[in-house]
Amino acid sequence: MMGVKLASILTAILIILHGLTSVAAVFPEAVEAATSPRSNTTYYNPILPGFHPDPSCIFLREWDNTFFCASSSFNAFPGIPLHASKDLRNWKLIGHALNRNEQLPRLAETNRSTSGIWAATLRYHKGTFYVITTLVDDDRPPNDASRWDNIIFKSKDPYTLSAWSIATHFSFEGYDPDLFWDVGADGKEKTYVTGAHAWQVDPGIWQAEADLEKGTVGELKLVWKGTGGTAPEGPHIYKKDGWYYLLAAEGGTGLEHMVTISRSKNIIGPFEQNPANPVLTNTNTTSYFQTIGHSDLFQDRAGNWWAVALSTRGGPEYLHFPMVRETVLTPVTWKQGEWPVFSPIRGEMSGWDMGKEDRGIKGVGPFVDDADDIDFAKLTRLPEHFTHWRYPIPSSYTLSPPSHPGTLRLTPSVLNLTALTGNYAGPAGQTFVGRRQSHTLFTYTVDLEFSGTVAEEEVGVSAFLTQNHHIDVGVVMLTGADGALQPHLRYRAISYIPLPEPIVVPFPVEWKGYDTGKLALEIRAVNASHYAFSAGPTGARSLRRTIATVSNEGVSWGFTGVLLGVYSTTNGGAGSAPAYISKWKYVPEGQFRD
């Protein structure tokens, strides 16, 4: 006990003298002892595993004491996933704010894998849910104002997909917008938009009054330049105890990522920074959880404070993290009139009392830790967690066609997963649908029926991160040694990281006697660093053969996270043979958290 007290005293001194980063790096146990809640519940990070970056969360007592979280989606569609929880441990996908093409047609035109929907802020005001975000054209120069298309979606019911509005566009030269409502001394309510400017041009956090109905924004004012870290961004405003607190991210979204905070007695500043900044980071530590930043604060039913942030499970080596940026949760101690103190991020956490577990959440999607065992015969639409890259061509996906009931028919796209340039696909789109990798270890399998007749017709499975980072194994029609067109198994991959050269093999001789038009394809995470891609006749598990075992380093990159799914393409050719997918299964086998 004396040791803990001494550590707490030492922690307080170091916080004053050096800031929380130094404390966390030198005495992580002391920081945890000083900041952890006394009445606690054990839970595990990440709370939203897989491709769920830039989280923004709220708690609403009037909505049956429910927590709601939004996250960014870049070029993925449906976009801006929304999750709900009653206990902060069990999170269910309840829909997407961007779920129809007509809401934001321009998503189809984005060029570059880092374009699309960047960080979204979720807020609730006077009976309406608001999601404010930026559609970014990341191929345009930072000083080009057209690069930033800031938008707002609104809904009276987050559980109903059709209730989400068409995007309202507003002029704001920047990104990562936040919404805040405040009543001034004159008794009138004002709405403020706070966001980041391109750090290469004029780094800082900017703010303006806004009219959300008209989509108009007033004069922009620089309110805080941050603490000196690269790219101050992701701002959120809170009002507590007579202070306006401005939370931000700095350091870029890599290993130097951090959360910083400032405050002011006036919403337009000047803002003074916390002497203990950064308030949350794992920079310069050996923690498995790295890149921590882009945080949001909210309270629970008891009034306790929590924070969400993005994090990458890759350790300081930063090599193997195919789920890339995920959502983590930490308790926050925020005493009256003082600065908030965040508990360091770990895999196993001790937080405020969360109460009993409660999975009684309505909504159209699964819980984040659920397996997949999809019976397409029972579906009238694709499951909510199924994901495309930009908008799909609806006719390319048919549930239970009369000739093949209980299957998903894929009509091939002319373009393959790399498409035109590795960044752009054009209006023709790509035939691909997947689900997020949400576990370190898993097995993903589908059954496939395919009879190609034209060279380069192909159907397969992919660990897909972006158009320029994906690993595929498929059945492709190629000319064999005898000069005849026949199906082959082909592995190939594209990445900024060197990966094994393509492998092309004919079907094994031991498959003779089986219907080789019907195969099972599998992706398995054999450990935290490698995928194994396998294929074999359906119903003959012993004949399944591993085609390639590949490092996941090639898809450990960027802003998103791996999608596991199926594709169908003619690779630029004239083919049109459909593929029929059934027995879609995703079986979780374990998480690495430390």
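What you see is a predicted model, and the numbers here were worked out from it, not measured in a lab.

Of regular secondary structure, the protein possesses 3 helices and 40 strands. Against the 2.2 N^0.38 benchmark of 25 Å for 594 residues, the protein shows a C-alpha radius of gyration of 25 Å, consistent with a compact globule. Principal axes of the C-alpha set define a box for the protein whose edges measure 80 × 60 × 45 Å. In the protein, which comprises 594 residues, the share counted as buried stands at 61%. Put simply, the protein shows about 22,300 Å² of open surface, and 54% of that area lies on carbon and sulfur atoms. With 49 positive and 59 negative side-chain charges, the protein shows a spacing of 4 Å between the two charge centroids.

Quick look at the pattern of salt bridges now. Applying the stated criterion across every chain yields a total of 28 salt bridges. A salt bridge links Arg435 to Asp372; the nearest nitrogen and oxygen atoms lie 2.9 Å apart. Here Arg435, found in strand E30 (residues 431-436), pairs with Asp372, found in strand E26 (residues 372-374); they are 63 residues apart in sequence, far enough to count as distant. Through salt bridges with shared partners, a single ionic network connects Arg106, Asp137, Arg140 and Asp149.

This part covers the UniProt feature "domain: Beta-xylosidase C-terminal Concanavalin A-like" (unreviewed entry) in the protein. UniProt records the feature "domain: Beta-xylosidase C-terminal Concanavalin A-like" (unreviewed entry) for residues 375-586 in the present numbering. In the segment residues 375-586, helix accounts for 0% and strand for 45%; the C-alpha atoms at its two ends are 12 Å apart.

In sheet architecture, strand pairing relies on hydrogen bonds along the backbone and comes in two forms, parallel and antiparallel. Strand order across the open sheet formed by 4 strands is E21-E22-E23-E24, with antiparallel pairing between neighbours. What marks the edges here is a single partner per strand, and that holds for strand E21 (289-299) and strand E24 (341-342). In terms of strand pairing, strand E22 (residues 305-313) meets strand E23 (residues 325-333) through 8 bridges, oriented antiparallel. Bridge assignment links Ala309 to a residue of E23, and that residue is Val328.

A separate point is the sheet that holds strand E20 (residues 272-273). Pairing within the open sheet is antiparallel, and its 4 strands lie in the order E17-E18-E19-E20. Among the strands making up the open sheet, the edge pair consists of strand E17 (233-240) and E20. One ladder, built from 6 bridges, connects E17 with strand E18 (residues 243-250); its direction is antiparallel. Residue pairing across strands places Tyr238 opposite Tyr245, the latter belonging to E18.

Rules behind the numbers
- Residues numbered from 1 in each chain as written.
- Predicted model: local features only at pLDDT ≥ 70, side-chain atom pairs only at ≥ 80, totals over all residues.
- Heavy atoms only, no water.
- Helix = DSSP H or I, 4+ residues; strand = E, 2+ residues; numbered from the N terminus.
- Rg over C-alpha atoms; globule rule 2.2 N^0.38 Å.
- Buried < 20%, exposed > 50% of the residue type's maximum accessible area, 1.4 Å probe, protein only.
- Areas by Shrake-Rupley, 256 points an atom, 1.4 Å probe, with all protein chains shown as cover.
- Lys, Arg positive; Asp, Glu negative; His and termini not counted.
- Charge placed at Lys NZ, Arg CZ, Asp CG, Glu CD.
- Salt bridge = Lys/Arg side-chain N within 4 Å of Asp/Glu carboxyl O.
- UniProt positions renumbered as here; feature names shortened; annotations may be inferred.
- Pairing = 2+ DSSP bridges.

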